[in-house]
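What the coordinates show
Listed below, chain by chain, are the residues.
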Amino acid sequence: DAGVIQSPRHEVTEMGQEVTLRCKPISGHDYLFWYRQTMMRGLELLIYFNNNVPIDDSGMPEDRFSAKMPNASFSTLKIQPSEPRDSAVYFCASSSPGLAWDTGELFFGEGSRLTVL
Amino acid sequence: TQLLEQSPQFLSIQEGENLTVYCNSSSVFSSLQWYRQEPGEGPVLLVTVVTGGEVKKLKRLTFQFGDARKDSSLHITAAQPGDTGLYLCAGNTNAGKSTFGDGTTLTVKP
């Protein structure tokens with residue numbers, strides 16, 4: 001079975017450019033999470049969706065960040081304009097019905113490594 | 001804010017040695033997960049513990065959830081180079097999101 005699929009795996013861009021990260025969750029999972037991982041701050045939750053609806057976006061750093069989930073099989077995380085401090089590995093994770101609420105088990109993608117110059 | 005503190009932050013040992021890493025919090029969690037992350041990959045779930053005092057074994061790995069469900073430990077027996085990686089604990093409070101610790105980076109030298 002395919003796991004969580006993220007693209008691109010690596011992105012290098014210049015400050016001020018728009019960045020769009022993509023995620024395809026595991027089929028049948030109705031929770032989707034976006035995390036950011038850095039050496040300084042570890043793994044931080046940015047936003048999560050349930051049945052395509054954003055539930056908690058309190059972790060989104062600022063208005064430059066936005067996330068959408070137009071359907072059950074696709075989500076995007078957009079940064080506009082990007083800044084060097086946004087450099088990090090961005091992970092998408094999904095969870096099956098009931099599990100996220102009851103036990104918090106997450107299935108992660110391989111991540112998108114973003115470098116903003 | 002629910003904080004999960006992991007210790008030690010870094011651990012380097014020889015193959016065959018035993019080790020224990022810890023995950024501590026002042027908050028009570030309904031469940032706790034341990035993940036292992038290898039370079040260039042996402043975290044992979046190892047185990048979930050739910051009941052206070054629960055002990056789970058996964059081959060050479062033994063996981064324990066504290067009686068008060070505030071802390072957990074991971075013990076590895078006879079570590080192997082394949083155990084090398086970043087070990088993350090994550091606490092869940094039935095709020096639909098997990099809080100992750102900063103991780104323990106384990107290096108097992110052959």
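Conventions used here
- Note that residues are indexed from 1 along each chain, following the sequence as it is written.
- Key to labels: chains lettered from A, ligands numbered from 1, both in the order written.
- Selection of residues for local features in this predicted model requires a pLDDT of at least 70, selection of side-chain atom pairs for listing and counting requires 80 or more, and totals for whole chains, interfaces and linings are taken over all residues.
- Hydrogens and waters are ignored; side-chain quantities use all the structure's heavy atoms.
- For salt bridges, the criterion is a side-chain nitrogen of Lys or Arg within 4 Å of an Asp or Glu carboxyl oxygen.
- Throughout this description, buried means an accessible area under 20% of the type-specific maximum (1.4 Å probe, protein chains only), exposed means over 50%, and partly exposed covers the range between.
- Helix and strand definitions follow DSSP, with helices as H or I runs of at least four residues and strands as E runs of at least two, each counted in order from the N terminus.
- The disulfide definition used here is simple: a pair of cysteine sulfur atoms within 2.5 Å.

1. Quick word on the pattern of salt bridges
Considering all chains together, one arrives at 11 salt bridges over all chains under this definition. With a closest N to O distance of 3.4 Å, R36 of chain A and E44 of chain A form a salt bridge. Both residues of the pair, R36 of chain A and E44 of chain A, belong to the buried class. Note that D83 of chain B is salt-bridged to R60 of chain B, the shortest N-O span being 2.9 Å. In this pair, D83 of chain B sits in the loop between β8 (71–76) and β9 (85–92) while R60 of chain B sits in the loop between β6 (55–58) and β7 (61–65), placing the two residues 23 residues apart along the sequence. What makes D83 of chain B buried here is its relative accessible area of 4%.

2. Concerning the state of the cysteines
Tallying each qualifying case throughout the model produces 2 disulfides over all chains. In this model C23 of chain A forms its disulfide with C92 of chain A; the gap between the sulfur atoms is 1.9 Å. Taking the torsion about the sulfur-sulfur bond, which here is approximately -65°, the covalent link between C23 of chain A and C92 of chain A counts as left-handed. You can see C23 of chain A sitting in strand β3 (residues 19–24) and its partner C92 of chain A sitting in strand β9 (residues 88–95), a full 69 residues away along the chain. In this model, C23 of chain B is linked to C89 of chain B through a disulfide, with the two sulfur atoms separated by 2.0 Å. Between C23 of chain B and C89 of chain B, the S-S torsion sits near 80°, and that sign places the bridge as right-handed.

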